[in-house]
Protein chains: 2
Amino acid sequence: MPENSTRYELFYWPGIQGRGEFVRLLLEDRDADYVDVARLPEAEGGVPAIMRFLKGTEPGALPLAPPFLKAGDLVIAQTANILSFLAPRLGAVPASEAARLEANQIQLTIADFVDEIHDTHHPIAVGLYYDDQKPEAARRSQQFIENRLPKFLGFLERVLERNTAAQQAWLVGQDCSYVDLSAFQVMEGLGYAFPKALKKVGPTLPLLGALRDRVAQRPRLSAYLASPRRIPFNQHGLFRHYPELDSE
Amino acid sequence: MPENSTRYELFYWPGIQGRGEFVRLLLEDRDADYVDVARLPEAEGGVPAIMRFLKGTEPGALPLAPPFLKAGDLVIAQTANILSFLAPRLGAVPASEAARLEANQIQLTIADFVDEIHDTHHPIAVGLYYDDQKPEAARRSQQFIENRLPKFLGFLERVLERNTAAQQAWLVGQDCSYVDLSAFQVMEGLGYAFPKALKKVGPTLPLLGALRDRVAQRPRLSAYLASPRRIPFNQHGLFRHYPELDSE
């Protein structure tokens, strides 16, 4: 597969940012040639294209769920797996094994955090509506804001503190890597879903806040964020704003 | 780092199998030279050795939580990250990129499943006792048994069905890989935690059941399982048997 001429095909539910957005941010920031298949008309793709892979009628690895990426003959599912595949090809992670392992480690920690963020509004079952689990969501969100939000964001801040001491301004290595884009996305999502909670914890996260701002100002990324390709946050995705779940 | 002479140091909470067990199974099955640091006396390791890494006073990448592995100068956290690092060194995954990507994809899907298994008994907060979230746990477990258990196990069965059609008896490639060991561990854990639910879904999973049995009969693994190094399942780990949460 000639790496520089691959057109990547991203498969993710249209209409939400969701976990697919972590992949989109990398593809957009690195100006990669890609197509967002499920957002095409059905004649060219659409949701039926996703379903064919989930039903196992397409060759390649079987995905349980989107996002997944098609790169030549490869079918690659699981967000962190997609990112660790793409990053070296797009120059979005340092070359050393130690750096790649640390990048994957931080990305998987962000993935754990994202799962917990999702479960604030769906603590009982992903198959039930929020309205069917509101008391449990209120209880889980309170615990999340008190304990989990500061724990995970504090971890990212501590990584940045150690790196700053070593004259590094990013989470891994000397330049913006895919992990920084993911950290940006989590901060943006939390600012939408839990603005009060994030405002309270913000002063304890000066390096993470500065990193978010630097990512937002990257030329390609800011152009993407202002484009119609960036789906707005909404009440169907990972990050949802239910005012009754947010508190300081 | 001379790969064949490395003594791996595993750091995980003593007293539970937890997520560390996925790493132990691989190290044991491949007869790797390793030490389970936190199970040593404090003079040689113990829990204080874990805490030094979590506090950031040791060099290398900063882990948020165990398990993590020290291999020479590398500090590697996150279960799937540790496994994808170790597997090529221990001959526990095929060499091709496609196979390694699929192995990591399946391992990450198992990790998602494990998170959901954990949350059946802790749906509100990991920092609260089970007794403080029993009604929510009952509700989440019912949904888990009806929907999520058959979905995840059915996915593994479907992968095996596709492989069987291609004359492969394992989840990835022609031989037992680390992913098969992880699938075994999930089946064993579910048999402890949810025996009624697993018994009901079992007949729909003939290939996965046969794979579990084949893994259990591997000589090094069966010797490990019968040894005092295998911590019994108990009510402090990922897989917990609360009879009131189990049903057919």
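Before reading on, note that the structure itself is shown above.
Report follows, based on the coordinates. (Residues numbered from 1 in each chain as written. Chains lettered and ligands numbered in written order. Predicted model: local features only at pLDDT ≥ 70, side-chain atom pairs only at ≥ 80, totals over all residues. Heavy atoms only, no water.)

**Quick word on the pattern of salt bridges**
For side chains of opposite charge, pairing can occur when their charged atoms come near one another. Heads up, the condition is: For this analysis, a salt bridge means a side-chain nitrogen from Lys or Arg found within 4 Å of a carboxyl oxygen belonging to Asp or Glu. Helix and strand labels come from DSSP, where a helix needs a run of H or I of at least four residues and a strand needs a run of E of at least two; each type is numbered from the N terminus. Each residue is assigned to one of three classes by its accessible area relative to the maximum for its type, calculated with a 1.4 Å probe on protein chains only: buried under 20%, partly exposed between the two thresholds, exposed over 50%.
Within this structure, the stated rule accounts for 33 salt bridges over all chains. One salt bridge in this structure joins Arg89 of chain B and Glu97 of chain A, with 2.6 Å as the shortest N-O distance. Separated into two different chains, Arg89 of chain B in helix α3 (residues 79-89) and Glu97 of chain A in helix α4 (residues 97-121) make up a pair that spans both. With relative accessibility at 18%, the residue Arg89 of chain B sits in the buried group. Relative accessible area serves as the criterion here: at 38%, Glu97 of chain A is assigned to the partly exposed category. Here the residues in one salt-bridge network are Glu21, Arg24, Asp36, Arg39 and Arg230 of chain A, joined through shared partners.

**Some remarks on the pairing of strand β4 (residues 74-77) of chain A**
All names here are of chain A. What counts here: A pair of strands is considered paired only if DSSP assigns at least 2 bridges between the two.
Because side chains alternate across β4, one face comprises the buried residues Leu74 and Ile76, and the other comprises Val75 and Ala77, equally buried. Examined bridge by bridge, strand β3 (residues 68-71) and β4 share four bridges and lie antiparallel to one another. In the sheet register, Phe68 faces β4, and the bridge partner there is Ala77. With antiparallel pairing between neighbouring strands as the criterion, β3 and β4 make up a hairpin whose turn holds two residues, including Gly72 at a positive phi of roughly 65°.

**Examining the packing of helix α1 (residues 20-29) of chain B against α3 of chain B**
All names here are of chain B. Our working definition: As a rule, the C-alpha atoms of each element are fitted with a line to give its axis, helices using only the stretch in contact, and angles between N-to-C directions run from 0 to 180 degrees. An angle below 35 degrees is read as roughly parallel, one above 145 as roughly antiparallel, one from 65 to 115 as roughly perpendicular, and any other as oblique. Crossings are sorted by hand: turned counterclockwise from the far helix by less than a right angle, the near helix makes the crossing left-handed, and turned clockwise it makes it right-handed. Contacts are assigned to residue pairs with any non-hydrogen atoms lying within 4.5 Å of each other. Note on residue classes: Ala, Val, Leu, Ile, Met, Phe, Trp, Tyr, Cys and Pro are nonpolar, Asp, Glu, Lys and Arg are charged, and everything else, Gly too, is polar.
In the contact formed by α1 and α3, the axes pass within 9 Å of each other and the chain directions differ by 15°. The orientation of α1 with respect to α3, classified from their angle, is roughly parallel. As α1 runs across α3, the sense of the crossing is right-handed. On the side of α1, the interface is formed by Phe22, Val23, Leu26 and Leu27, while α3 contributes Thr79, Ile82, Leu83, Leu86 and Ala87. Of the residues that constitute the contact of α1 with α3, the class distribution is eight nonpolar, one polar and no charged.

**As for the relation of the copies chain A and chain B**
Basically, it comes down to this: When the copies are superposed, the least-squares fit takes in the C-alpha atoms of residues with a pLDDT of at least 70 in both.
Between chain A and chain B, which share one sequence, the superposing operator has a rotation angle of 180° and an axial displacement of 0.0 Å; the RMSD is 0.0 Å. Taken together, the rotation and translation relating the two chain copies correspond to the operation of a two-fold axis. The position closest to the rotation axis in chain A is occupied by the C-alpha of Pro123 of chain A, lying 3.0 Å away. A high fraction, 100%, of the interface residues of chain A reappear at the interface in chain B, so the copies pair face to face through one surface.

**Points about the packing of aromatic side chains**
All names here are of chain A. Short version of the rule: Each Phe, Tyr or Trp ring, with Trp reduced to its six-membered ring, pairs with another whose centre is within 6.5 Å; inter-plane angles below 30 degrees give stacked pairs, above 60 give edge-to-face pairs, and intermediate values give tilted ones. Lysine NZ or arginine CZ positioned within 6 Å of the ring centre and within 35 degrees of the ring normal marks a charge as sitting over the ring.
Overall, the coordinates contain 18 aromatic pairs over all chains when judged by the stated rule. Judged by centre distance (4.8 Å) and plane angle (10°), the ring pair of Phe11 and Phe68 falls under stacked. One end of the pair, Phe11, is in strand β1 (residues 8-11); the other, Phe68, is in strand β3, and 57 residues separate them in sequence. Each of the two residues, Phe11 as well as Phe68, counts as buried. Measuring from centroid to centroid gives 5.2 Å for Tyr192 and Phe233, while their planes differ by 15°, and the two rings are stacked. Placement of Tyr192 in helix α6 (residues 178-193) and of Phe233 in the segment after α9 (219-225) is noted, with a sequence separation of 41 residues between them. Take Tyr192: its relative accessible area is 24%, and that puts it in the partly exposed class. An aromatic cluster is built from Phe113, Phe144, Phe152 and Phe194, whose rings are joined through pairwise contacts. Positioned above the aromatic ring of Trp170, the side-chain terminus of Arg214 is 4.5 Å from the ring centre.

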